[in-house]
Amino acid sequence: MSALMAALRAAGRKQLSASTLSGPNCPTKATGSHVFRISDYSQVRDNVGNGTAVQSSTFAVGGHDWQIRCYPNHPNGEDKENEDWISVYLRRHATAWGWANFIKPANATAKFEMSILDQDGKLVHRGGGSKDQRCVFSSSTGMGWGYRKFIKHADLQEGKHLKGDSLTLLCDVTVDLGLEFDGATVPVPETAAVAPPPPSFELRGDTAELRIDDMDANVCKALLQFIYTDSAPEMDQLDQAMAERLLAAADTYKLEKLKKICEEALCKNINMGSVAANLMLAERHGCPLLKEACLQLLCAPGNLEAVMATDDYEQLLAECASALLEVVVKKIAGQQQ
């Protein structure tokens with residue numbers, strides 16, 4: 001990417017930004033590069049005080065907005081140790097997307113490298129840090145991550161870096177992609193960047209790390225699999241607990257087809273131990289098939305009375321009073337026949 005950007009810069013393109021989403025063999029990273037040119041650098045340095053940065057325009061990589069911050073005079077006004085150096089930092093400016101009201105942006109994990117290009121677009125100086133080090137960017141990282149001692153003023157002036165009194169910085173960024181749920185990171189499907197999202201989602205640009213409340217990793221995987229491949233988990237994978245959680249998630253995100261699949265899976269396994277929980281689930285999420293299956297079981301001789309003797313009955317009565325009334329009416333009608 002750096003070589004390509006340098007070639008484009010040499011061809012006369014003054015303002016450049018680029019990004020890449022990894023292919024199917026490596027779908028967990030997004031890369032991007034941005035060129036920041038400071039014209040009339042000497043004047044800028046004379047007019048900028050200690051601790052004051054000049055910054056690039058924002059550029060998007062991996063679902064986050066970034067900025068390059070350059071301190072022509074050292075970032076801490078009283079820091080004599082670094083006063084002979086230029087400092088350069090990468091800062092996470094803001095996220096570039098959102099999923100309605102369901103998702104809160106998490107921290108961004110990224111690797112990056114800062115370089116200086118000469119007037120021909122050739123790399124003439126590289127930051128001293130390791131480009132393989134992953135850095136976590138969050139609201140608590142202040143200026144961001146970067147190089148306090150990026151290059152000395154004397155070296156900048158004596159070299160070919162300021163020909164025409166312009167300083168050209170190149171930043172290469174690699175962002176780790178994934179969804180984080182209960183401490184587990186789930187890779188985003190490769191098609192997430194191109195497949196149309198369901199109506200309740202707003203997904204723009206490259207996907208990045210997200211945090212979604214009230215959803216564990218297994219449910220997340222199943223939900224994403226359905227959204228982007230239209231395939232649901234096999235029936236033998238939908239046990240009672242999984243089917244309940246996935247049904248609730250499908251209802252939240254208005255995935256009616258997936259919701260019906262979970263509903264049918266639950267209907268096949270209703271028994272006296274699960275009927276109360278299933279009836280309450282059906283009432284909460286509007287599941288007519290599941291509700292009818294529960295009512296049929298409760299109408300069998302002795303079943304309603306058995307449920308009334310359990311600890312769950314008080315909550316069942318509070319949430320499903322009308323459904324229980326239906327059971328009573330059907331039982332009375334059956335006795336009269």
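Higher on the page you've got the structure.
Just so you know, the residues in each chain are numbered from 1, in the order the chain's sequence is written. In keeping with the predicted nature of the model, local features appear solely for residues at pLDDT of at least 70, side-chain atom pairs appear and are counted solely at 80 or more, and the whole-chain, interface and lining totals rest on all residues. For the side-chain quantities, the full set of heavy atoms in the structure was used; hydrogens and water were omitted.

Asks: Please give an account of the overall build of the protein that cites residues and values.
Replies: Put simply, DSSP H or I for four residues or longer makes a helix, DSSP E for two residues or longer makes a strand, and each gets a number counted from the N terminus. The helix and strand inventory of the protein stands at 11 helices and 15 strands. Out of the 337 residues in the protein, the part that is buried amounts to 46%. Residues count as neighbours in contact if any of their non-hydrogen atoms are within 4.5 Å of one another. The long-range share in the protein, meaning contacts at least 24 apart out of those at least 6 apart in sequence, stands at 69%. Total accessible area on the protein is roughly 16,800 Å²; 48% of this is exposed by carbon and sulfur atoms. Buried means the residue's accessible area, taken with a 1.4 Å probe over protein chains only, is under 20% of the maximum for its type, while exposed means over 50%, and partly exposed covers the values in between. Exposure was quantified through the Shrake-Rupley algorithm and a 1.4 Å probe, taking into account, for residues, occlusion by the shown protein chains and nothing else.

Asks: Break down a nonpolar patch on the surface for me, citing the residues and quoting the values.
Replies: For patch detection, residues must exceed 30% relative accessible area and be free of salt bridges, and they are connected within 9 Å for like charges or within 5 Å for nonpolar side chains (Val, Leu, Ile, Met, Phe, Trp, Tyr). By salt bridge we mean one thing: a side-chain nitrogen of Lys or Arg within 4 Å of a carboxyl oxygen of Asp or Glu. Among the surface-exposed residues, Leu325, Val328 and Val329 lie close enough to one another that they form a single nonpolar patch of about 260 Å² accessible area. Following the sequence through the fold, Leu325 ends up in helix α11 (residues 321–336).

Asks: I'd love a proper account of the pairing of strand β9 (residues 123–126), names of residues and values included.
Replies: A pair of strands counts as paired when DSSP detects no fewer than two bridges linking them. As defined by bridge partners, strand β8 (residues 108–117) adjoins β9 across three bridges and the pair is classed as antiparallel. Opposite Ile116, over in β9, you have His125 as the bridge partner.

Asks: Please provide a residue-by-residue account of the packing of helix α5 (residues 240–252) against helix α7 (residues 275–285), values included.
Replies: All axes here are fitted lines through C-alpha atoms, helices being fitted over the stretch that makes contact, and every angle between N-to-C directions spans 0 to 180 degrees. Viewed as axis vectors pointing N to C, α5 and α7 meet at an angle of 10°, and their least axial separation amounts to 11 Å. Considering the angle they form, α5 stands roughly parallel to α7. Contact with α5, carried on its side by Gln240, Glu244, Leu247, Ala248 and Asp251, involves Ala277, Asn278, Leu281 and His285 of α7 and no other residues of that element. By definition in this entry, angles of less than 35 degrees are roughly parallel, angles greater than 145 are roughly antiparallel, angles of 65 to 115 are roughly perpendicular, and the rest are oblique.

Asks: I'd like a description of the pairing of strand β2 (residues 29–38), backed by residues and values.
Replies: For β2, the tally of buried residues reaches eight of 10 residues, placing the bulk of the element in the interior. Sheet topology note: the β2/strand β12 (residues 167–176) ladder contains 10 bridges and is antiparallel. Across the sheet, residue Ile38 finds its bridge partner in β12, namely Leu167.

Asks: Help me get a handle on the environment of Ala222, residues and values and all.
Replies: Position of Ala222 relative to the elements: it lies in helix α4 (residues 217–229). Distance from Ala222 to Pro233, taken between C-alpha atoms, is 6.5 Å for residues 11 residues apart in sequence. Leaving out residues up to four positions away in the same chain, Ala222 has contacts with Pro233, Met242 and Leu246.

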